[in-house]
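For reference, the chains in residue letters:
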Amino acid sequence: MALRVLVGCKRVIDYAVKVRVKPDKTGVVTDGVKHSINPFDEIAIEEAVRLKEKKIASEVVAISCGPKQCQETLRTALAMGADRAIHVEIPEPQSNTLEPLGVAKIFSKLAKEEDVNLIIVGKQAIDDDCNQTGQLTAALLDWPQGTFASEITVEGEHMKVIREIDGGLETIKVKMPAVISADLRLNEPRYATLPNIMKAKKKKIDVKTPADLGIDISPRTEILSVEDPPVRQAGSKVEDVSELVGKLKSHGFI
Amino acid sequence: MNWRSLSISSSLLQSIQPTPSVAAQQQSSILGPQHSFAMGIFMNQMNTKQIFPFPDALSEESKDTVKLALDSFGRYFDQVHDAVANDANESFDQKAMETYKQLGGLGLLAPEEYGGFGLLSTQYARLIELFGGHDLSFSITIGAHQSLGYKGLLLYGNEQQKNKYLPMLSSGQKLAAYCLTEPTAGSDANSIRTTAVLDDDGQHYILNGNKIWITNGGLADFMVVFAQVPHSKDHSNEVQNAMTAFIVERDYGGVTSSPPEKKMGLKSSNTTAVYFDNVKVPVQNVLGKVGEGFKVAVNILNNGRFALSALMTGFTRMLLTKSIQHVNQRQQFGHKLIEFQSIQEKIAQIAMSHYAIESVAFLVSNNMDRGVENLQLEAAIGKIYATETAWDCCDECIQLLGGAGYMRENHIERFMRDVRVYRIFEGASDTLRQFIATTGIRNAAKVLSQKHSNSTTVMDDNSSNVTSSDRDELLQQVAEPLRPSAAQLAQQIEDFGSVVEHLLFKHGKHIANQQFLLTRIANASIELYVMAAVLSRATNAINENLPTSDHEQLLATTFVTKSCERVKANLNSIMSPDSLSCFTAFSQIADQVSRNEEALTTRPIGF
């Protein structure tokens, strides 16, 4: 069975950027700041493209939800080998309140429209660290899920998924269609070579809106404030255990 | 002293207002050489059209391509490329080179139909800016291959030559080299002695000669070689040399190269002598036309100069980051270094220098992309300014890092060793200065004398050379907070024009030999162009309300003040009698020392 694969690609602030909180505490500074494809989503794209190269998948469609600049993220995905892309356009400031549930609804709708049998997403985005989209998408579609995947192997109608869990590695078998969320060690993504960047220019990016898909993306939560973590206080040295216990007591920790 | 009183009455050499029809022509296109700012300042013209507003020639799509490429090449430098090992081993790691070739890094400039990526100059500039902060030796190797080596094909190759060679050069299957320099011919390119004599069969040129210091000399299979084709004019026994460019393949036989030179820097880059011993070059391999070789050589260099400025942009950005990281945390005398004024001055200098170099690099590249004709002066100005300023910034960065700056583990010393030659090759700064000054002055003399002979009106003595409407126009072009700086610039342009006029009157055509004066004219003209570039860029930042516009305004206004000081100093040294007598003294000193073949002084203790 040739798989048709959907891959979610989120545009996030680049991992190397020093993030600054906005003075009004409503969020972080994004203006003029370098953005890139979420690293775990890049791993997801890489895995999908490898499935295509092994002729297990027949088509890879990349999706990104957000403002116009998301098309840059999709170009990266196309340059890595995705066949087509869909940009679900959500302008700012609405895009700032987009939540995993909204994204999951969009992915499930598109999964049905595009008749896919495999969805791969990154396990979480490095900006909000929600780690929900993959799971919510599977639930909405009533598909099995293999999350935190560090290895996937297609075996006929099933997929063997090795998952990274606290205790080590867990191996499960899911029946497709399924949702997979990619963890760090799943693969090492390729760089887009200039030849591929050029080829990607000819690939299509379809633009849709949540309204086109009939989806309500209004948020369920409200961000009250975004603040810097407290500055680390200096510690103090203690001479012996009894002094340690004394200090812990006097600070009310025990 | 008001040296303007030395200038002759304006009736003889006056700035001529363009006649109405000429003015109309000028409106129709800003691309022509009559709009060159650099040429114009020699003639009391403030040509702002090629500088304001700061050009932005790339489409969104082109910019997207560069962003993607930057990502990939950025990763290549972070994860694959090891500049330290390459420098220590005096070669490039082959596996890394293969990865680089797969990324497409050797085909950046060739058109897509020949297997390249057809990057525009500005795209190329932004991409190699990245390289400048990582490895200046690697930058030269890949630059020599595409920005010099196969650039000749792009500019002068015919269809057959392009089809035959570009695909394998773009993929990196074969490397290219640009072979001009010889033991007796460096800056004086015309004096090369390599010969190419047409064979009796009329099908081949026989090439003989030696080239030295050729980048990729030991590795290239494709070389653009410059040689003299001797021919006698009809009915005369006099042999003339027609310098010609040839495409030579190593496979033709008779091509050998020396072992790689041991150099101060650029150690990983392969630099060798190349010997041509009766090499049979097919006549189809003439690049351009017979006798056009000098033009080909010079235009290839001209066309690639912006790239050096782009490399220096990335380099100085890295130096600034490295310097700040150090002075923000290093403490002495109970304070972080950044708290001391002398440190602040150095940091500010590097920051302003980076801004200025970047402004010029992208002004030139964008102008190239929008089709501005003849940027030879601007490109030369950019090269001199960028390479010399970057050298100073590197020196200052080492100073800021102190002893740590001298240690290999901090890498700056390697960059310094690599960058020193940038002031020498691809047009030595000293030669380029003379070129800028003589070209500007000759052009001014030509235009002024043409118009003088055409003119029927005589302007009165009090007409100012740059009209107040020119000055106003410049002020209108800049954002309001920058107008005082624009006024400073306008004043310097006026003063510059007066000095050029004075020199033309005093020396006439002999000005061409007055290198003491021409150097300073060139220095001033460089500062003027860079100031204009900086003001244009800062204007754009302010008008676009960029988040960095406040800082850019500060950089620009401060830069202009300091730059005007330098212009004044240069112009004063041309006009002041004390300075002029120093020049005479320089010649005397040089003559006496040269005859003595060493220092002509007696030691303080007598022996």
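Residues numbered from 1 in each chain as written. Chains lettered and ligands numbered in written order. Predicted model: local features only at pLDDT ≥ 70, side-chain atom pairs only at ≥ 80, totals over all residues. Heavy atoms only, no water.

The subject of this paragraph is the overall build of chain A. Check the secondary structure of chain A and you find seven helices and eleven strands. Taking the intrachain contacts of chain A between residues at least 6 apart in sequence as the baseline, contacts between residues at least 24 apart amount to 70%. Accessible surface, chain A as shown: approximately 13,600 Å² in total, 52% of it carbon and sulfur. Placing the 36 positive and 38 negative side-chain charges of chain A at their respective mean positions leaves the two points 4 Å apart. (Helix = DSSP H or I, 4+ residues; strand = E, 2+ residues; numbered from the N terminus. Contact = heavy atoms within 4.5 Å. Areas by Shrake-Rupley, 256 points an atom, 1.4 Å probe, with all protein chains shown as cover. Lys, Arg positive; Asp, Glu negative; His and termini not counted. Charge placed at Lys NZ, Arg CZ, Asp CG, Glu CD.)

What follows covers the overall build of chain B. Secondary structure assignment for chain B yields 20 helices and ten strands. On C-alpha atoms alone, chain B measures out to a radius of gyration of 26 Å, which is about the 25 Å that the 2.2 N^0.38 rule sets for 607 residues. With respect to the principal axes defined by its C-alpha atoms, chain B has extents near 80 × 70 × 70 Å. Counting every position in chain B, which comprises 607 residues, the buried fraction comes to 53%. Partitioning the contacts of chain B with sequence separation of at least 6, the portion at a separation of at least 24 is 77%. On chain B, roughly 27,100 Å² of surface is accessible, and the fraction owed to carbon and sulfur atoms is 50%. Between the mean site of the 50 positive side-chain charges and the mean site of the 62 negative ones, chain B shows a separation of 3 Å. (Rg over C-alpha atoms; globule rule 2.2 N^0.38 Å. Buried < 20%, exposed > 50% of the residue type's maximum accessible area, 1.4 Å probe, protein only.)

Further remarks concern the interface of chain A and chain B. Think of interface size as the accessible area that goes away when the parts come together; that is how it is often given. Taken together, the contacts link 13 residues of chain A with 20 residues of chain B. Together chain A and chain B conceal approximately 1,600 Å² of surface at their shared face, both sides included; 62% is due to carbon and sulfur atoms. Looking only at chain A, the three residues that lose the most surface to chain B are Tyr 191, Leu 194 and Met 198 of chain A, adding up to 41% of its buried area. Linking chain A with chain B are four salt bridges. Measuring nitrogen to oxygen at the nearest pair gives 2.6 Å for the salt bridge that ties Glu 42 of chain A to Arg 75 of chain B. (Buried area = accessible area lost by both parts, 1.4 Å probe. Salt bridge = Lys/Arg side-chain N within 4 Å of Asp/Glu carboxyl O.)

To continue, consider the sheet that holds strand β4 (residues 57-66) of chain A. The strands that make up a sheet are held in pairs by hydrogen bonds between backbone atoms, and each pair lies either parallel or antiparallel. All names here are of chain A. Read across the open sheet, the nine strands follow the order β9-β8-β7-β10-β6-β1-β4-β5-β11; overall the sheet is mixed. The strands lining the two open edges of the sheet, one partner per strand, are β9 (168-175) and β11 (205-208). Across the sheet, the mean angle separating the axes of adjacent strands is 30° when strand polarity is ignored. Pairing geometry for strand β5 (residues 84-89) and β11, over four bridges, is parallel. Following the sheet pairing, Val 88 is matched in β11 by Lys 208. Each of β4, β5 and β11 is contacted by helix α2 (residues 70-80), which is oriented at about 160° to β4, the strand it contacts most. (Pairing = 2+ DSSP bridges. Axes fitted to C-alpha atoms, helices over the stretch in contact; angles between N-to-C directions.)

All chains considered together, the criterion is met by 41 salt bridges over all chains. We note a salt bridge from Glu 61 of chain B to Lys 201 of chain A, for which the minimum N-O separation is 3.3 Å. Taken together, the residues Glu 61 of chain B in helix α3 (residues 60-80) and Lys 201 of chain A in the loop between α5 (194-200) and β11 connect one chain to another. Salt bridges sharing partners connect three or more residues here, namely Arg 4, Glu 59, Arg 84, Glu 114, Lys 204 and Asp 206 of chain A.

Attention now goes to the packing of helix α12 (residues 376-401) of chain B against helix α14 (residues 412-419) of chain B. Residue and element names in this part refer to chain B. Two elements in contact, α12 and α14, have axes whose closest approach is 10 Å; the angle formed by their N-to-C orientations is 160°. In terms of orientation, α12 lies roughly antiparallel with respect to α14. Relative to α14, the crossing made by α12 is left-handed. Across from Trp 391, Cys 394, Asp 395, Cys 397, Ile 398 and Leu 401 in α12, the residues of α14 making contact are Ile 412, Glu 413, Phe 415, Met 416 and Val 419. (Parallel < 35°, antiparallel > 145°, perpendicular 65-115°, else oblique. Left-handed = near helix turned anticlockwise from the far one by under 90°.)

Bringing the packing of aromatic side chains into the picture now. Residues and elements named next belong to chain B. Taken as a whole and judged by the stated rule, the model has 23 aromatic pairs over all chains. Ring geometry for Tyr 100 against Phe 138: centres 4.8 Å apart, planes inclined by 80°, an arrangement best described as edge-to-face. One end of the pair, Tyr 100, is in helix α5 (residues 94-103); the other, Phe 138, is in helix α7 (residues 136-149), and 38 residues separate them in sequence. Centroid distance Tyr 422 to Phe 425: 5.2 Å. Interplanar angle 50°. Geometry classified as tilted. Each residue in the set Phe 73, Tyr 76, Phe 77, Phe 92, Tyr 100, Phe 131 and Phe 138 is aromatic and connected to the rest through ring pairs, giving one cluster. Here the basic side chain of Arg 414 rests over the ring of Phe 415, its NZ or CZ set 4.8 Å away from the ring centre. Its guanidinium or amino end placed over the ring of Trp 391, Arg 420 lies 5.4 Å from that ring's centre, counting from NZ or CZ. (Phe/Tyr/Trp six-rings, centres within 6.5 Å; stacked < 30°, edge-to-face > 60°. Lys NZ or Arg CZ within 6 Å of the ring centre and 35° of its normal.)

Counting residues in each nonpolar core, the largest one holds 198 residues, and the members touching the most others are Phe 131 and Phe 226 of chain B. Considering each element in turn, this core owes the most residues, 16 residues, to helix α18 (residues 515-543) of chain B. (Core = buried A, V, L, I, M, F, W, Y, C linked by side-chain atoms within 4.5 Å.)

For the rest of this paragraph, the subject is the pairing of β5 of chain A. Residues and elements named next belong to chain A. With five of six residues buried, β5 is to be regarded as a mostly interior element. Relative to β5, β4 runs parallel, the two being bridged by six bridges. Bridged to Ser 64 within β5 is His 87. A crossover connection joins β4 to the parallel β5 through α2; in handedness this β-α-β unit is right-handed. (Right-handed = clockwise from strand over helix to strand, strands pointing away.)

All right, on to the side chain of Thr 193 of chain A then. As for its placement among the helices and strands, Thr 193 of chain A is situated in the loop between β10 (178-182) and α5. Those residues in contact with Thr 193 of chain A, other than ones at most four positions away along the chain, are Gln 102 and Leu 103 of chain B.

Judged by side-chain polarity, Val 238, Val 241, Leu 244, Val 245, Leu 248, Phe 253 and Ile 254 of chain A come together as a nonpolar surface patch covering roughly 620 Å² of accessible area. By relative accessible area, which is 39% here, Leu 244 of chain A ends up partly exposed. (Patch = residues over 30% accessible without salt bridge, like charges linked within 9 Å, V, L, I, M, F, W, Y side chains within 5 Å.)

What follows deals with the state of the cysteines. Residue and element names in this part refer to chain A. A full pass over the atoms with the stated rule returns zero disulfides over all chains. Of all cysteine sulfurs in the structure, the one in Cys 70 sits closest to Cys 65, which takes part in no disulfide; the separation is 7.6 Å. Looking at Cys 65, the relative accessible area reads 16%, which means it is buried. Unpaired in terms of disulfides, Cys 130 finds its nearest cysteine sulfur in Cys 65, a separation of 14 Å. (Disulfide = S-S within 2.5 Å.)

Attention shifts here to the confidence of the model for chain B. Residues and elements named next belong to chain B. Per-residue confidence for chain B averages 92 on the pLDDT scale, and 92% of its residues sit at or above 70. Segment residues 1-27: pLDDT under 50, and 41 contacts once partners within four positions in sequence are set aside and those in other chains are kept. Within the model, pLDDT remains below 50 along residues 456-464, and this stretch shows ten contacts once partners closer than five positions in the same chain are excluded. Predicted complex, confidence summary: ipTM 0.82, pTM 0.89. (pLDDT = per-residue confidence, 0-100.)

Right, let's talk about α12 of chain B for a bit. Between its terminal C-alpha atoms α12 of chain B stretches 37 Å, which fits the 38 Å expected from 26 residues at 1.5 Å a residue. Among the 26 residues that make up α12 of chain B, 21 are buried, leaving the element largely enclosed by the rest of the structure. (Expected span 1.5 Å × (residues − 1).)

Attention now moves to unusual backbone geometry. Following Met 176 of chain A, the chain continues to Pro 177 of chain A via a peptide bond in cis, the omega torsion being 10°. Tracing the backbone through its elements, the reader meets Pro 177 of chain A in the loop between β9 and β10. Going from Phe 52 of chain B to Pro 53 of chain B, the amide bond is cis rather than trans, its omega being -10°. Relative to the helices and strands, Pro 53 of chain B resides in the loop between α2 (37-41) and α3. Backbone geometry places Asn 44 of chain B, a non-glycine residue, at a positive phi of 60°. Position of Asn 44 of chain B relative to the elements: it lies in the loop between α2 and α3. Taking the relative accessible area as the measure of exposure, Asn 44 of chain B reaches 5% and is therefore buried. You will see that Asn 374 of chain B, though not glycine, has its phi angle at about 60°, which is positive. Tracing the chain through its elements places Asn 374 of chain B in the loop between α11 (341-369) and α12.

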